[in-house]
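Descriptive analysis of the structure
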Amino acid sequence: MSEDPNTAFLPEERDDATEWLNSLLNKNLRVSVTDGRMFWGQFKCVDAESNIILHSTYEYRFPTSSQVAAAAAAAVTSSSAAPSDPLDPSATPQEAYDRATSSGKVKVDLSSRHLGLVVIPGQYITKIELEEFASQVRARNRGFGQGFHPGWRDGGIS
């Protein structure tokens with residue numbers, strides 16, 4: 001039995017959450033989902049089930065393990081050097097990509113496509129990131145220490 005989202009928050013917590021969500025409207029978000037894809041788009045809406053609507057959205061996919069292995073094989077062939085640690089075929093695409101690119105041995109680009117307006121089901125969301133410039137982060141944190149301060153909009157930051 002699921003909890004009623006209208007009673008899940010105390011009134012003041014609900015107001016803070018609503019204000020925070022309103023502050024994200026029309027900002028660019030990166031939303032990662034369980035199958036490894038990442039969506040980048042302008043935040044438009046969220047509902048009680050945590051489904052998110054993004055506008056002007058791009059979908060990014062990590063290369064498959066076979067694509068990383070092919071790129072690694074091509075890099076090894078072109079450099080005539082044997083790999084020091086072979087790629088694990090059982091690794092997830094993101095793990096294989098991270099391992100291969102962090103070692104500097106091979107670089108494989110993410111594939112992308114423009115989707116437009118999308119609904120991302122809340123049950124599949126693993127991470128949400130707000131895209132900000134360094135100057136925006138510095139201005140937001142000025143005078144409040146590190147991290148998010150709920151009253152930053154009302155604090156009169158110049």
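We now examine the overall build of the protein chain. When helices and strands are counted, the protein chain shows four helices and five strands. Mapped from its N terminus to its C terminus, the protein chain presents α and β elements in the order α-β-β-β-α-α-β-β-α. Residues classed as buried in the protein chain amount to 19% of the 158 residues present. Put simply, the protein chain shows about 10700 Å² of open surface, and 54% of that area lies on carbon and sulfur atoms.

This part takes up a negative patch on the surface. On the surface, Glu12, Glu13, Asp15, Asp16 and Glu19 cluster together to form a negatively charged patch. Its relative accessible area of 53% is what places Asp15 among the exposed residues.

To continue, consider the pairing of strand β1 (residues 28–33). On a regular strand, each side chain points to the face opposite its neighbour's, so the side chains alternate between the two faces of the sheet. Note that β1 and strand β2 (residues 38–46) share five bridges and pair antiparallel. Bridge assignment links Ser32 to a residue of β2, and that residue is Met38. Following β1, the chain reverses through four residues before pairing antiparallel with β2; Gly36 in that reversal takes a positive phi of roughly 95 degrees. Judged from the five bridges that link them, β1 and strand β5 (residues 125–130) form a sheet pairing that is antiparallel. Of the residues in β5, the one forming a bridge with Ser32 is Lys127.

A few words now on the confidence of the model for the protein chain. On average, the protein chain scores 76 in pLDDT, and the residues at 70 or more come to 63%. With pLDDT under 50 throughout, residues 79–86 is counted as low confidence; its partners more than four residues away or in other chains account for six contacts. Scored below 50 in pLDDT, residues 152–158 shows 10 contacts in the model against residues more than four places distant or in partner chains.

Here the focus is the pattern of salt bridges. Counted under the stated rule, the structure contains five salt bridges. The shortest N-O distance in the salt bridge between Glu59 and Arg37 comes to 2.8 Å. Of this pair, Glu59 sits in strand β3 (residues 52–61) while Arg37 sits in the loop between β1 and β2, and the two are 22 residues apart along the sequence. Look at Arg37 and you get partly exposed, because its relative accessible area is 23%. Residues Arg113 and Glu59 are paired through a salt bridge, measuring 2.4 Å at the closest nitrogen-oxygen approach. With Arg113 in strand β4 (residues 111–120) and Glu59 in strand β3, this pair connects stretches of sequence that are 54 residues apart. Among the charged side chains, a salt-bridge network with shared partners connects Asp35, Arg37, Glu59, Arg61 and Arg113.

The rules we used
- Numbers given to residues run from 1 along each chain, matching the order in which its sequence is written.
- In keeping with the model being predicted, local features are shown solely for residues with a pLDDT of at least 70 and side-chain atom pairs are shown and tallied solely at 80 or more, while totals for entire chains, interfaces and linings include all residues.
- Side-chain calculation: all heavy atoms of the structure are included, whereas hydrogens and water are not.
- Only runs of H or I of at least four residues qualify as helices and only runs of E of at least two qualify as strands under DSSP, and these elements are numbered from the N terminus.
- Working definition: with a 1.4 Å probe on protein chains only, accessible area under 20% of the residue-type maximum means buried, over 50% means exposed, and in between means partly exposed.
- Where accessible areas are quoted, they stem from the Shrake-Rupley method and a 1.4 Å probe; at the residue level, only the protein chains shown are allowed to cover.
- Residues form patches when they are more than 30% accessible in relative terms and have no salt bridge. Like charges link within 9 Å. Nonpolar side chains (Val, Leu, Ile, Met, Phe, Trp, Tyr) link within 5 Å.
- Salt bridge criterion: a side-chain nitrogen from Lys or Arg within 4 Å of a carboxyl oxygen from Asp or Glu.
- When charges are counted, Lys and Arg contribute as positive and Asp and Glu as negative, whereas His and the chain ends are disregarded.
- Here the site of a charge means atom NZ of a Lys, CZ of an Arg, CG of an Asp or CD of a Glu.
- Two strands qualify as a pair provided that DSSP identifies no fewer than 2 bridges between them.
- Confidence scores per residue from the predictor, reported as pLDDT, run from 0 to 100.
- In what follows, a contact means two residues having at least one pair of non-hydrogen atoms within 4.5 Å.

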